[in-house]
Amino acid sequence: MAVVLETVDLEKHFGGIAAVAGVSLKIEKGARHALIGPNGAGKTTVINLLTGVLQPSAGRILLEGEDITALDAHKRVRRGLARTFQINQLFLDLTPLETVGLAISERMGAGAQWWRLVGTSPAMVEEIVEILGRFHLADVMYERTGNLPYGKQRLLEIALAIACRPRVLLLDEPAAGVPEDERHEILATVAALPADVTVLLIEHDMDIVFSFADRISVLVNGALFVDGAPEEVARDPRVKSVYLGEALDA
Amino acid sequence: MPSAAVEEVARTLAARARWGALEYAFWLAALASIFLLPGRHLILTEIAWLALFALSLDLILGYAGIISLGHAAFFGLGSYAAALFAKHGIIEEPVLALLAAGLCAAVLGFATSFLVLRGSDLTRLMVTLGVALIMREIANQIPDLTGGADGLQGVIIAPILGTFQLDIFGHVSYVYCLAVLFVLFLVARRIVYSPFGLSLRAVKGNPLRAASVGISVNARLIAVYTLAAFYAGVAGALLAQTTAFASLDVFSLERSADLLLVLIIGGTGYLYGGLIGAVIFKLMQDWIAHLTPQYWQFWIGLVFVLIVLVGRERIGSWTGGLRALAERIARRPAPAAMPEKGR
């Protein structure tokens, strides 16, 4: 299978601390790849490096074979790399309608247009409505995002990333903090993501990881510990002792 | 069913930019003031260019979240540029000179926009303040060109469009300033309802996420800062043209600070804040100065302190557009609206 996203000896130091220490990761096209590891293992830092929020101290990042290590965050999005955030990063004063419309207009290259009014392109409006419907946001699309219940905000997090029409989607704990009875809605939308979209998922919940992923990488202390199919990872005694043991026993 | 939903959403989006009754009322009142208040045209002229200046600051503060304590840098440059164009006969026709002066300010805005890209609000306050101070000192140090501390004397403004000569009662200058304000307001209004305007609000709300949906945050901030500098330059040029004079005080800190007060009075992020704020600010200044010619600055200072204490929560929270305007106008005369204050 073709590798879509690859890191080569990726490193990130904060002062004297190596948050990410030489990670070489390969994510294949169409994969459902999970990145797991104990708290503080550097998972979110990896995502921040992949998306350009942080610059690596060393190493390279390749998207579809091209080196994007030095590329600005917004340019990576235009190349098909989108993400969600572990802690909601939304536009609280905008409505879900405006939020999704914003992402679509940027993707269509209309974001710098200053003379046209928002929403005058029928194709765009159709897509906004489709995405809001798919993510169960149609009934709240006119409300201020900041006033939405947390579960809806989590859905908007994913909807916003999908509106960028990514080829590679990085999901940083999509169900984090969502009450049990609302989780299924989010997990169902994650499971229903288009098959051609490559997904890298960070998640703590092992039930979600093992039901979703076809490949799992375990990160411990900033380094790749184990990388393989779910069965291998589940069987690996080292993983059990370092990570799964803690998580499953708890 | 989906098509009905699509139509409804398209309608709602289109309705965002539609003119409301209060907006018509506002501009009709402005038009009526030309005919009904001929004796007040001098102060109305000042209100008009101040409103344009405040509109300029609202574009960066209310829509892009860039706070500035040095917006007078662009105002002042526009002012001197327009005065010099007229004095040396470089561009005689005032409207053309106005545009040219605005462009000069826009160039300065573009050049200094890179300084405000990074940093917190405090950094931006200091950087913008510094730019205005530098501009003032430059003007002070080249008296051969600017007249230095004496100001630029001997400016003669040609008839507007070759036809309308400015008069000492301010009749022509008020119509001129109001027309310029209206046209530039229309452009600003169009811009804030465009995809570009929406992306500015996104950048203001959450720059990290804005970049994560593919918005080039810096490019948008540079663009709006340059645009706002153009507006401020035009406002300054209006002052220079209607008074046939330019002096160092166009760059003063007080001018930038007053401008923030205008927006605090009027509110930010719905375009009318600067306009309404300018009206209230100037009328109040005029009224208090008449009441107590000796101590007017004391009273104005007191009023400002009170306004900021009462109104500071309002700054930036006025994103509801016309709804906010409606609330504001409805609240003032109606005692029944008082409980709303407790919200």
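Just so it is clear, the model here is predicted, and its values are computed rather than measured. (Residues numbered from 1 in each chain as written. Chains lettered and ligands numbered in written order. Predicted model: local features only at pLDDT ≥ 70, side-chain atom pairs only at ≥ 80, totals over all residues.)

**Notes on the overall build of chain B**
What counts here: Counting from the N terminus, the helices are DSSP H or I runs at least four residues long and the strands are E runs at least two residues long. Residue burial here comes from a neighbour count, namely the number of other C-beta atoms, placed from the backbone, that lie within 10 Å of the residue's own C-beta, with 20 or more meaning buried, 12 or fewer meaning exposed, and in between meaning partly exposed. It is the C-beta atoms, placed from the backbone, that decide contacts: two residues are in contact if theirs lie within 7 Å.
Within chain B, the regular secondary structure consists of 15 helices and zero strands. For chain B, the residues scored as buried account for 46% of the 343 residues in total. If you take every contact in chain B between residues at least 6 apart in sequence, the share linking residues at least 24 apart comes to 78%.

**Observations concerning the overall build of chain A**
Selection criterion: The reference for a compact globule is 2.2 Å times residues^0.38; the radius of gyration itself is calculated from the C-alpha atoms.
In terms of helices and strands, chain A carries nine helices and ten strands. Computed over the C-alpha atoms, the radius of gyration of chain A is 18 Å, within 12% of the 18 Å expected from 2.2 N^0.38 for a compact globule of 250 residues. Along the three orthogonal principal directions, the C-alpha set of chain A runs to about 55 × 40 × 35 Å. The contacts of chain A with a sequence gap of at least 6 include a subset with a gap of at least 24, amounting to 67%.

**Some remarks on the nonpolar core**
Heads up, the condition is: By convention the nonpolar core is taken to be a set of buried residues drawn from Ala, Val, Leu, Ile, Met, Phe, Trp, Tyr and Cys and joined through C-beta atoms within 7 Å. What counts as a domain boundary in this text is fixed by an automatic or database domain assignment.
If you look at the biggest cluster of nonpolar residues, it comprises 178 residues, and the most contacted ones within it are Ala 159 of chain A together with Leu 52 and Val 224 of chain B. It is helix α11 (residues 217–243) of chain B that provides the largest number of residues to this core, a total of 17 residues. Counting residues domain by domain, this core receives three or more from each of domain 1 (1–80 + 167–250) and domain 2 (88–165) of chain A. Apart from residues no more than four positions distant in its own chain, Ala 159 of chain A is found in contact with Val 100, Ile 131, Leu 132, Phe 135 and Leu 137 of chain A.

**Here we look at the domain arrangement of chain A**
Residue and element names in this part refer to chain A. As a reminder of what qualifies: Each residue gets one label: Ala, Val, Leu, Ile, Met, Phe, Trp, Tyr, Cys and Pro are nonpolar, Asp, Glu, Lys and Arg are charged, and the others, such as Gly, are polar.
Its domain assignment divides chain A into domain 1 (1–80 + 167–250) and domain 2 (88–165). The C-alpha-based centres of domain 1 and domain 2 are spaced at 26 Å. Residue-level contacts link ten residues of domain 1 with nine residues of domain 2. Sorting elements by how many residues they give to the side of domain 1 that touches domain 2 places helix α6 (residues 180–191) first, with four residues. Of the residues in the side of domain 1 that touches domain 2, the class split is six nonpolar, two polar and two charged.

**So, the interface of chain B and chain A**
At the junction of the two partners, chain B supplies 31 residues and chain A supplies 38 residues. Secondary structure elements with two or more residues in the side of chain B that touches chain A: α1 (2–16), α8 (171–192), α9 (195–205) and α10 (207–212) of chain B. Ranked by residues supplied to the side of chain B that touches chain A, first place goes to α1 of chain B with nine residues. Of the residues that constitute the side of chain B that touches chain A, the class distribution is 18 nonpolar, nine polar and four charged.

**Some points on the sheet that holds strand β2 (residues 17–28) of chain A**
Residues and elements named next belong to chain A. Heads up, the condition is: Note on pairing: DSSP must find at least two bridges between two strands before they are called paired.
Here we have four strands laid out as an open sheet, ordered β2-β1-β4-β5, and antiparallel in their pairing. Pairing within the sheet leaves two strands with one partner each, and these edge strands are β2 and β5 (66–67). Sheet topology note: the strand β4 (residues 58–63)/β5 ladder contains two bridges and is antiparallel. Opposite Leu 62, over in β5, you have Asp 67 as the bridge partner.

**Points about the sheet that holds strand β10 (residues 223–228) of chain A**
Residues and elements named next belong to chain A. Operational definition: Here, axes are lines fitted to C-alpha atoms. For helices the fit covers the stretch in contact, and angles between N-to-C directions go from 0 to 180 degrees.
Strands sit in the order β6-β7-β8-β3-β9-β10 across an open sheet of six strands; the sheet is mixed. Of all strands in the sheet, those with a lone pairing partner are β6 (81–83) and β10, marking the two edges. Ignoring which end each strand starts from, the neighbouring axes of this sheet average 20 degrees apart. Relative to strand β9 (residues 215–220), strand β3 (residues 32–36) runs parallel, the two sharing four bridges. The residue of β9 that forms the bridge with Ile 36 is Val 218. Here helix α1 (residues 43–51) sits on the sheet and contacts β3, β6, β7 (168–172), β8 (198–202) and β9; the angle it forms with β7, its principal contact strand, is near 150 degrees.

**Remarks on the pairing of β2 of chain A**
Here strand β1 (residues 3–14) of chain A pairs with β2 of chain A via nine bridges, running antiparallel. If you follow Glu 6 of chain A over to β2 of chain A, its bridge partner there is Lys 26 of chain A.

**Some details on the pairing of β1 of chain A**
All names here are of chain A. Two successive antiparallel strands, β1 and β2, enclose a turn made up of two residues, where Gly 15 displays a positive phi of approximately 60 degrees. For β1 and β4, the ladder comprises five bridges, and the chain directions are antiparallel. Residue pairing for β4: Glu 11 is matched across the bridge by Ala 58.

**Here's the deal with the packing of α8 of chain B against α11 of chain B**
Residues and elements named next belong to chain B. Applied cut-off: Every angle not falling under 35 degrees, over 145, or within 65 to 115 is termed oblique; those three ranges are roughly parallel, roughly antiparallel and roughly perpendicular.
Across the interface, α8 lies against α11 with an axial gap of 11 Å and an inter-helix angle of 175 degrees. One way to sum up the angle between α8 and α11 is to call them roughly antiparallel. Residues Ser 173, Cys 177, Val 180 and Leu 184 of α8 lie in contact with α11, whose contacting residues are Tyr 231, Val 234, Leu 238 and Thr 242. Tallied by class, the residues present in the contact of α8 with α11 amount to six nonpolar, two polar and no charged.

**Quick look at the confidence of the model for chain B**
Detailed reading of the predicted coordinates is not advisable wherever pLDDT falls low. Residues and elements named next belong to chain B. Rule in force here: Scored from 0 to 100, pLDDT records how confident the predictor is in each individual residue.
Summary statistics for chain B give a mean pLDDT of 87 and a share of 90% for residues scoring 70 or more. For the stretch residues 315–323, pLDDT sits under 50, and the model shows 17 contacts to residues farther than four places along the chain or on other chains. In the predicted structure, residues 330–343 sits below a pLDDT of 50 and forms three contacts with residues beyond four places in sequence or in another chain. Confidence metrics for the complex model read pTM 0.89 and ipTM 0.90.

**What to know about the packing of helix α3 (residues 41–61) of chain B against helix α13 (residues 272–291) of chain B**
Residue and element names in this part refer to chain B. Filter applied, for reference: Should the near helix be turned anticlockwise from the far one by less than a right angle, the crossing is left-handed, and should it be turned clockwise, the crossing is right-handed.
As a packed pair, α3 and α13 sit with axes 8 Å apart at the nearest point and diverge in direction by 140 degrees. Between α3 and α13, the angle is such that the two are oblique. Handedness of the crossing formed by α3 with α13: right-handed. The residues of α13 that touch α3, namely those facing Ile 43, Glu 46, Ile 47, Leu 50, Ala 51, Ala 54, Leu 55, Leu 57 and Asp 58, are Gly 273, Gly 274, Leu 275, Gly 277, Ala 278, Val 279, Lys 282 and Asp 286. Classifying every residue of the contact of α3 with α13 gives ten nonpolar, three polar and four charged.

**So, unusual backbone geometry**
Despite not being glycine, Glu 64 of chain A shows a phi value in the positive range, around 50 degrees. Relative to the elements of secondary structure, Glu 64 of chain A occurs in the loop between β4 and β5. Not every positive phi belongs to a glycine, and Leu 161 of chain B is a case in point at roughly 55 degrees. Note on placement: Leu 161 of chain B falls in the loop between α7 (143–146) and α8.

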